[in-house]
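Residue strings, one per chain:
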Amino acid sequence: MGSSDVKIEIDRSSTGGTFTNYDIIKGTVRLIVTNSITLNYIQVKLEGVSKSQLSIPRDQRDSGRRDRGRKDRDKKEKLLQDVHKALYDTVIVFPPDNVRQVSQAKDFTLTPGNYSYPFEFKLPLNNSCVQLQGITNKVLFNKKNFDLIINNGNFNANTIRNMAQQYNQPVKGGGASQKHRDYHIVSQLPPSLSGLGEFASIKYYVKVTCKRSSFFKTNLRSVDPFIFLPLDLDSQNQPLVHGGDYEEYREVFVRKEMMFSDRIPEIVGLVVPPEKKPLPQAPTPSGSASRKGFLLRFMNGPSSAPPSSFTSLDTRKKNDLVGVESKDVPFSFEVRFRHPAFLIPTKSPSFKLYFVSNLKPLRYSLAQYGKPEESNGLGVIYLQKLIVELTSTTIISVLETDGSVQDIHKAKHVDNINVCNNAYQNLKFDLKNCRRLKSSSATSTNSTLNDVYELEIPRKYYENCVLPDYLSPSFKTCNISRSYRLSIVAGISCEKVSDPTNATEVERKVQYVDLQCPDIKVLSGLNMTSTLHSNASGTSLPSKTNDSPRPSYPFAADEKRQGSFSSEVTPTLPQRPVFPSEKRKPSAVSEVASYDDVSSDTQLLPTYDDVVRESSYQDNSEHLRARRRYQQHEQYYNNLDDA
């Protein structure tokens, strides 16, 4: 610690350390002055930085731009980096606004002592990268390839010359500058991202700078990073209602057909043809004949057999079954999601698994023998294995420009995550137990609308298919995006596997079916609460004394208290159509409240929209639990001195 030291502290007491959209992030700047110090100002910045980096081969043009006397240390590849400020807001906490308004002084002296300055920001809904334009963006120096790096572009030795030439030329169309602007997108603030090194990272932090009045004295700085996890919103920035009470129920599904060929029922009814009746004979009066007939019947059994009898597949061979034909058993394995297809880390799987058949369940019963409640074993399915894997794909882009020509380079990182690998010991299902259901999955696969019968696999057999807590939600920002694909593999057999360790037997009996779900959204698990809605609807922050528009990226001397971003949109729940019988009539309270002589504290009855919105609020305990689970890699807290 030198003669003075500064520290910034974020108040995490009410959020569990993780913040989300519309949160009010508060904290305190603590300045310890041991000897008198002269400052221009003390500025606090709220920043979110999305950084991507990759190496690409160096082409002939780049080689020609190098000085011939330089060594060949980097002639094969060049390192490119792209830095986007997804979030940026500032406030000057010293000197106070009232002092700056009346004082013409450019520097202020603080005597020895301990000073504290509170600050607060409101976290917006959307990013503001599109607003960051101009040469006032932060410029970095890449020590590895000796190139200048500026936000949203990599400058080299020809940058200034080309920019100067374009500045003097008349503007023709959009040119490279228009493409440069199109490179930015407006989207919801992306989540914190770490664990991929310099390849891709998204960091959020609050930084304080004590600007010294002397150019030769080092400014005092301090950084406090925080974790950001966005709310679950749809493309219209409206809350996702998982329960389906306020939107039409829709499903998405993936299905694959399977076939058990040439199967014979385990239980069959054999029809025995009746014996030919002999011609009637004259009765024999002698008792010996009568006794002989009785003995013959006793020794040979009854003269006529019942019309049919049941036999088990275990007591006869296939060749012995005269008149019994083998049959194919077609069915499908299906995974079904509620629309949109999503998963939430640490929570039970949101999908359901089914066996689906186009044939009536009576086919797999003894209905033709008068016993429809009993199974003939033809539709028996044994589930032996279930493997669920999640594939995470991170795509980055890096913009390279020299002021005249620009290129966008892309790369991706793929990570396979084993969610569960369950082995079962002949887990038995029977298509005889299927039930008819006309759902979206049942009526949209074929052009002909036939009845479809389904048999649900109980959730208890795959309730351990839970995503790890460190997974980032799906997102897309200017230079980084994250998407997911889910793979479900089932091992199925039509007969029991006596020894699961016998690879030969398993290979002979078990068939595998693979369901690929290409676009699965991983959500944060954070929904709107009453507090967040209040923050989004109101200003929540002290009013500004100066309502002049904020510069895109102001110089230090011009930076003042910033408000909310122009791209912010207050979310509203989708409205349910109200029928005439449901329309509310104005109550006496609401009618009287419209007059000027009514007190301003009159409480109005809640509207229908208010009731719907409040019913969709997330429980506070569940909300805080979701915040606490999203922890970051240790890389998230490194290299903050360069922020």
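These figures come from a predicted structure and were not determined experimentally.

Remarks on the nonpolar core
The nonpolar side chains of a soluble globular protein tend to be buried, and buried together.
Then, in step 1: Among the nonpolar cores identified, the biggest contains 57 residues, and Val29, Leu31, Ile42, Val44, Phe119, Val206 and Phe226 are the most heavily contacted of them.
Then, in step 2: Here this core takes seven residues from strand β4 (residues 37–57), the largest share from any one element.
Then, in step 3: Counting contributing residues, this core receives three or more from each of domain 1 (5–57 + 77–128 + 189–231) and domain 2 (251–266 + 326–439 + 449–522).
Then, in step 4: When neighbours within four sequence positions are excluded, Ile42 is seen to be in contact with Val29, Leu31, Val91, Ile92, Val93, Phe94, Tyr117, Val208, Thr209 and Cys210.
Then, in step 5: Grouped together as the second largest cluster of nonpolar side chains are 44 residues, Ala341, Leu390, Leu515 and Ile520 included.

A closer look at the sheet that holds strand β1 (residues 4–10)
Sheet strands pair via backbone hydrogen bonds, and the direction of the pair is either parallel or antiparallel.
Then, in step 1: Spatial ordering of the open sheet is given by β1-β3-β7, a layout of three strands whose pairing is antiparallel. The two strands at the open ends of the sheet, each matched to only one other strand, are β1 and β7 (113–122). Recorded for the sheet is a direction-independent mean angle of 15 degrees between the axes of neighbouring strands.
Then, in step 2: Judged from the seven bridges that link them, β1 and strand β3 (residues 24–33) form a sheet pairing that is antiparallel. Pairing of Ile10 across the sheet is with Gly27, part of β3.

Here's the deal with the pattern of salt bridges
Then, in step 1: Taken as a whole and assessed by the stated rule, the structure comprises 14 salt bridges.
Then, in step 2: Its salt-bridge partner being Glu9, residue Arg30 comes within 3.3 Å of it at the nearest N-O pair. Of this pair, Arg30 sits in strand β3 while Glu9 sits in strand β1; the two residues are 21 residues apart in sequence, bridging distant segments of the chain.
Then, in step 3: For Arg30, a relative accessible area of 40% gives the class partly exposed.
Then, in step 4: Counted as one network, the salt bridges with shared partners bring together Arg255, Glu334, Arg336 and Glu454.

Topic: helix α8 (residues 530–537)
Note: α-helices contain 3.6 residues per turn, so residues at a spacing of three or four share the same orientation.
Then, in step 1: Every buried residue of α8 is accounted for by Leu532, His533, Asn535 and Ala536. Buried residues of α8 fall within an arc of 160 degrees about the axis and therefore sit on the same side. Exposed side chains of α8 directed beyond 90 degrees from the buried face belong to Thr531 and Ser537.

Let's talk about the sheet that holds strand β24 (residues 453–456)
Then, in step 1: Overall, antiparallel pairing links the five strands, which are arranged β13-β16-β18-β24-β23 in an open sheet. Edge strands, defined here as strands with exactly one partner in the open sheet, are β13 (251–263) and β23 (435–436).
Then, in step 2: Sheet topology places β13 next to strand β16 (residues 327–338); 11 bridges connect them, and they run antiparallel. Considered in β16, the bridge of Phe253 is made with Arg336.

Quick notes on the environment of Asn535
Then, in step 1: You can see Asn535 is positioned in helix α8.
Then, in step 2: Between the C-alpha atoms of Asn535 and Ile24, which are 511 residues apart in sequence, the distance is 7.5 Å.
Then, in step 3: Engagement of the side chain of Asn535 in a polar contact is seen with the backbone oxygen of Tyr22, the distance being 2.9 Å.

Notes on the environment of Ser13
Then, in step 1: For Ser13, the position within the fold is in the loop between β1 and β2 (18–19).
Then, in step 2: A distance of 2.8 Å separates polar atoms of two side chains, one belonging to Ser13 and the other to Asp11.

Some remarks on the state of the cysteines
Then, in step 1: A complete count under the given rule lists one disulfide for this structure.
Then, in step 2: A sulfur-sulfur separation of 2.4 Å characterises the disulfide bridge that pairs Cys420 with Cys465. Taking the torsion about the S-S bond as the criterion, the Cys420 to Cys465 disulfide, at about 50 degrees, is right-handed. Taken as a pair, Cys420 in strand β22 (residues 406–430) and Cys465 in the loop between β24 and β25 (475–476) lie far apart in primary sequence, 45 residues in all.
Then, in step 3: Take Cys465: its relative accessible area is 4%, and that puts it in the buried class.

Considerations on the packing of aromatic side chains
Then, in step 1: Tallying each qualifying case throughout the model produces 16 aromatic pairs.
Then, in step 2: With a centroid separation of 6.0 Å and 75 degrees between ring planes, the pair formed by Phe94 and Phe108 is classed as edge-to-face. Separated by 14 residues along the polypeptide, Phe94 in strand β5 (residues 77–94) and Phe108 in strand β6 (residues 108–110) bring together distant segments of the chain. The pair formed by Phe94 and Phe108 is uniform in burial state, with each residue classed as buried.
Then, in step 3: Each member of the aromatic cluster is reached from another via a ring pair, and the members are Phe260, Phe331, Phe333, Phe355, Tyr424, Phe429 and Tyr461.
Then, in step 4: Arg336 extends its terminal NZ or CZ atom over the ring of Tyr354, reaching a point 3.9 Å from the ring centre.

Examining the pairing of β3
Then, in step 1: When β3 meets β7, the two strands line up antiparallel, connected through 10 bridges. Residue Lys26 lies in a different strand from β7, and its bridge partner there is Glu120.

Some remarks on the side chain of Glu47
Then, in step 1: Mapped onto the secondary structure, Glu47 falls in strand β4.
Then, in step 2: The buried category is assigned to Glu47, whose relative accessible area is 2%.
Then, in step 3: A polar contact of 3.2 Å, which involves the side chain of Glu47, links it to the side chain of Lys85.
Then, in step 4: If sequence neighbours within four positions are ignored, Glu47 has contacts with Lys85, Leu87, Tyr88, Lys203, Tyr204, Tyr205 and Lys207.

A short note on the confidence of the model for the protein chain
Then, in step 1: Summing up the model confidence of the protein chain, the mean pLDDT is 76 and the portion of residues at 70 or higher is 63%.
Then, in step 2: Looking over the protein chain, one finds the lowest element-wise mean pLDDT in helix α9 (residues 588–592), namely 36, and the highest in strand β26 (residues 480–493), namely 97.
Then, in step 3: Confidence over residues 131–137 falls short of pLDDT 50; this stretch has 18 contacts with residues more than four positions distant or in other chains.
Then, in step 4: In the predicted structure, residues 173–177 sits below a pLDDT of 50 and forms two contacts with residues beyond four places in sequence or in another chain.

Topic: unusual backbone geometry
Negative phi characterises most residues that are not glycine, and trans characterises most peptide bonds.
Then, in step 1: Put simply, Phe94 and Pro95 share a cis peptide bond, and its omega is -5 degrees.
Then, in step 2: Position of Pro95 relative to the elements: it lies in the loop between β5 and α2 (97–102).
Then, in step 3: That bond from His339 to Pro340 is cis: its omega, -5 degrees, falls within 30 degrees of zero.
Then, in step 4: Tracing the chain through its elements places Pro340 in the loop between β16 and β17 (342–343).
Then, in step 5: Notably, Asn426 is not glycine yet its phi reads approximately 55 degrees, a positive angle.
Then, in step 6: Note that Asn426 resides in strand β22.

Some thoughts on the environment of Leu189
Then, in step 1: Turning to its location among the elements, Leu189 is positioned in the loop between α4 (175–182) and β11 (200–212).
Then, in step 2: Owing to a relative accessible area of 1%, Leu189 belongs among the buried residues under this scheme.
Then, in step 3: Setting aside residues up to four positions removed in sequence, Leu189 forms contacts with Asn21, Ala86, Leu87, Pro124, Leu125, Asn126, Asn127, Tyr204, Phe228 and Pro230.

Scoring rules and cut-offs
- Residues numbered from 1 in each chain as written.
- Predicted model: local features only at pLDDT ≥ 70, side-chain atom pairs only at ≥ 80, totals over all residues.
- Heavy atoms only, no water.
- Core = buried A, V, L, I, M, F, W, Y, C linked by side-chain atoms within 4.5 Å.
- Buried < 20%, exposed > 50% of the residue type's maximum accessible area, 1.4 Å probe, protein only.
- Helix = DSSP H or I, 4+ residues; strand = E, 2+ residues; numbered from the N terminus.
- Domains from an automatic or database assignment.
- Contact = heavy atoms within 4.5 Å.
- Pairing = 2+ DSSP bridges.
- Axes fitted to C-alpha atoms, helices over the stretch in contact; angles between N-to-C directions.
- Salt bridge = Lys/Arg side-chain N within 4 Å of Asp/Glu carboxyl O.
- Arc of directions from axis to C-beta.
- Polar contact = N/O pair within 3.5 Å; in protein donor to acceptor, adjacent residues only side chain to side chain.
- Disulfide = S-S within 2.5 Å.
- Phe/Tyr/Trp six-rings, centres within 6.5 Å; stacked < 30°, edge-to-face > 60°.
- Lys NZ or Arg CZ within 6 Å of the ring centre and 35° of its normal.
- pLDDT = per-residue confidence, 0-100.

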